[in-house]
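Working through the structure, step by step
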Amino acid sequence: MKPKVQPGKRVAVLGAGSWGTTFAKILTDGGADVVLWARRPELAREITEGRRNSDYLPGINLPVGLRATSRLDLALAGAEQVYVSVPSQSLRENLILAEPFLAPGAIVVSLMKGVERGSGLRMSQIIAEVLPINPDLIAAISGPNLALEIAKEQPTAAVVSSNSLETAQAVAMLARNRYFRSYVNTDVIGTEFGGVLKNLIAVAIGIVDGVGYGENTKASIITRGLVEMTDFAVAYGAHPETLAGLAGLGDLIATCQSPLSRNNTAGRLLGQGYGINDVVKQMQQTTEGLASVGPILDLARAKGVDMPIVEQVRQVLAGTLKPRDLAPHLTTDSAEPQGERTIDDEQAHGGAALWGSFKRTFDQLRHSGGRPRGD
Ligand SMILES: NC(=O)c1ccc[n+]([C@@H]2O[C@H](COP(=O)([O-])OP(=O)(O)OC[C@H]3O[C@@H](n4cnc5c(N)ncnc54)[C@H](O)[C@@H]3O)[C@@H](O)[C@H]2O)c1
Ligand SMILES: O=P(O)(O)OC[C@H](O)CO
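Fair warning: this is a prediction, and the values are worked out from it, not measured in the lab.

What follows covers helix α1 (residues 18–29). In this model, α1 (12 residues) spans 16 Å end to end at C-alpha, consistent with the 16 Å of a helix rising 1.5 Å per residue. Among the 12 residues that make up α1, 11 are buried, leaving the element largely enclosed by the rest of the structure. Turning to α1, its buried residues number three or more, namely Ser18, Trp19, Gly20, Thr21, Thr22, Phe23, Ala24, Lys25, Ile26, Leu27 and Thr28. Backbone geometry just downstream of α1 places Gly31 in the positive-phi region, at approximately 110 degrees.

Written out as structure tokens, the structure reads:
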């Protein structure tokens, strides 16, 4: 049954950085009654009274009707949908604070693109772990979504993903307007991992850009990066077509080619010779890729997935690989010529990627006493 459009539906957005504020604008412009939670009262005041968030979205006029507060209880009171956009590493602590004020039956939507250090959990998994809600009421949104472009109302699309198609549709009905279009899917694993993994490839692109390598190098990394992303996500149960969609290829393109991307920018600084500590100091905003490299490589190892580009990003971050040496070792140090093994190879010939995924499943069954691990 298709949900009906309900203009004026009360929603909350938690996190008043660049994406949280932009998403609050998307929802308000789509007709929802939005309250945005900012940690700092002075920022909440600037948004409500001045209709600006000058630190994060310079030059953008926020819509009339968008209210902000620094009180979580007020932001969440009566909210039927709650969109969360805080740095991934702080999600757990923020959910614990929010939980007492969550309205019964509220849908909780992750806008974030990271995994938790230590646990390696995706954001929707943390939501399911911390909040006592029906897992069908959890969703995630991802896609080629550079905040400032959307805040300027440049036409953009995204994917809303939930185990429940009904939930995804209810969210997509609100998260849309004349410049923002939401598609739906039920592949939460692929949608979330797409957003996490493209950040790592964007760091690699920034690194080679900073070194001064040109378009061939970058196109090679983007293309091989998509193979790594797909291998990884499929090993965890994603559908390959999700990685070929907005949350995979679409976001990879946007993030790798835009100077607005923080991951791309951080990589460029590394490629120009700055050390990781200087880069972290210079980045004023959340740069998820830097925190995700370690957990993603741990998860890749657990499933026997090779991620040579991400591994080399880790080495550059650790200072054990010179940025200019990232590209020559693009795919592998193997002396043997390899098949290109793109998704098309797999579909056309049932090739190595399919074999890899079969072997991983087999290995997993052997090591888990016959029970494949689900989401
Ligand atoms: N900016 C984008 O273009 C964009 C687009 C899509 C997805 N995202 C994702 O959205 C998430 C948030 O990114 P952003 O761009 O809004 O980051 P940001 O750095 O612009 O803003 C982060 C916000 O979180 C607040 N914050 C920092 N630490 C906090 C804590 N411990 N508890 C609560 N709040 C805290 C900051 O004060 C700030 O308001 C990230 O996962 C990012 O990958 C960003
Ligand atoms: O600025 P980044 O690198 O965090 O990228 C922002 C969005 O994820 C692009 O879709």
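As for its placement among the helices and strands, Ala327 is situated in the loop between α15 (308–318) and α16 (343–349). Residue class for Ala327 comes out buried when judged on its relative accessible area of 14%. Residues Ala327 and Ala204, 123 residues apart in the sequence, show an inter-C-alpha distance of 8.8 Å. Among residues more than four places away in sequence, those in contact with Ala327 are Val208, Tyr213 and Thr217.

For the rest of this paragraph, the subject is helix α12 (residues 262–271). Of all 10 residues making up α12, eight are buried, and the element is well covered by its neighbours. Listed as buried for α12 are Asn263, Asn264, Ala266, Gly267, Arg268, Leu269, Leu270 and Gly271. For α12, the N-terminal cap is Ser261; the gap from its side-chain oxygen to the backbone nitrogen of Asn263 is 3.3 Å. Among the residues trailing α12, Gly273 stands out with phi positive, at a value near 105 degrees.

One frequently used descriptor of interface size is the decrease in accessible area upon assembly of the parts. Assigned domains of the protein chain: these are domain 1 (10–186) and domain 2 (190–367). Here domain 1 and domain 2 have C-alpha centroids that lie 26 Å from each other. With 31 residues of domain 1 in contact, the opposing surface of domain 2 contributes 25 residues. Summing both sides of the interface, domain 1 and domain 2 together bury roughly 2,000 Å²; the carbon and sulfur share of this comes to 65%.

Size it by volume and the largest pocket reaches roughly 1,100 Å³. Forming the boundary of the largest pocket are 45 residues, of which Ser18, Trp19, Arg262, Gln285 and Thr286 lie nearest the centre. Among the elements of the structure, α1, α4 (91–98), α6 (147–151), α8 (188–211), α11 (246–257) and α12 are those that each provide at least two residues to the lining of the largest pocket. Inspection of the lining of the largest pocket shows a minimum of three residues originating in each of domain 1 (10–186) and domain 2 (190–367).

Attention shifts here to unusual backbone geometry. A positive phi angle, close to 50 degrees, is found at Arg51, a residue other than glycine. Here Arg51 is to be found in the loop between α2 (41–50) and β3 (67–69). Under the relative-accessibility criterion, Arg51 is labelled partly exposed at 34%. The backbone phi angle of Glu153 is positive, close to 65 degrees, even though this residue is not glycine. For Glu153, a relative accessible area of 29% translates into the label partly exposed.

What follows covers the packing of aromatic side chains. This structure, assessed with the given rule, holds six aromatic pairs. Taken together, the ring pairs in this structure connect Trp19, Phe23, Tyr83 and Phe180 into an aromatic cluster. Across the ring face of Phe193, the terminal group of Arg122 is positioned such that the distance to the ring centre comes to 5.5 Å. Above the ring of Tyr236, the side-chain terminus of Lys303 is found at 4.8 Å from the ring centroid.

This part covers the site of ligand 1. Within the structure, ligand 1 sits among 24 residues, and Ser18, Asn94, Ala147, Thr286 and Glu288 are positioned closest to it. The separation between an oxygen atom of ligand 1 and a polar main-chain atom of Gly17 is 3.1 Å. Contacts to ligand 1 include Lys113, whose backbone N or O atom sits 3.0 Å from an oxygen atom. In isolation ligand 1 offers 820 Å² of accessible surface; the protein chains occlude 88% of this area.

Quick notes on the rules
- Residues numbered from 1 in each chain as written.
- Chains lettered and ligands numbered in written order.
- Predicted model: local features only at pLDDT ≥ 70, side-chain atom pairs only at ≥ 80, totals over all residues.
- Heavy atoms only, no water.
- Helix = DSSP H or I, 4+ residues; strand = E, 2+ residues; numbered from the N terminus.
- Expected span 1.5 Å × (residues − 1).
- Buried < 20%, exposed > 50% of the residue type's maximum accessible area, 1.4 Å probe, protein only.
- Contact = heavy atoms within 4.5 Å.
- Polar contact = N/O pair within 3.5 Å; in protein donor to acceptor, adjacent residues only side chain to side chain.
- Domains from an automatic or database assignment.
- Buried area = accessible area lost by both parts, 1.4 Å probe.
- 1 Å grid on protein atoms, 1.4 Å probe; cavity = no way out; pocket = protein on both sides within 12 Å on 5 of 7 lines; lining within 4 Å.
- Points joined across faces, edges and corners; volume = space filled by probe spheres on them.
- Phe/Tyr/Trp six-rings, centres within 6.5 Å; stacked < 30°, edge-to-face > 60°.
- Lys NZ or Arg CZ within 6 Å of the ring centre and 35° of its normal.
- Near = heavy atom within 4 Å.
- Areas by Shrake-Rupley, 256 points an atom, 1.4 Å probe, with all protein chains shown as cover.

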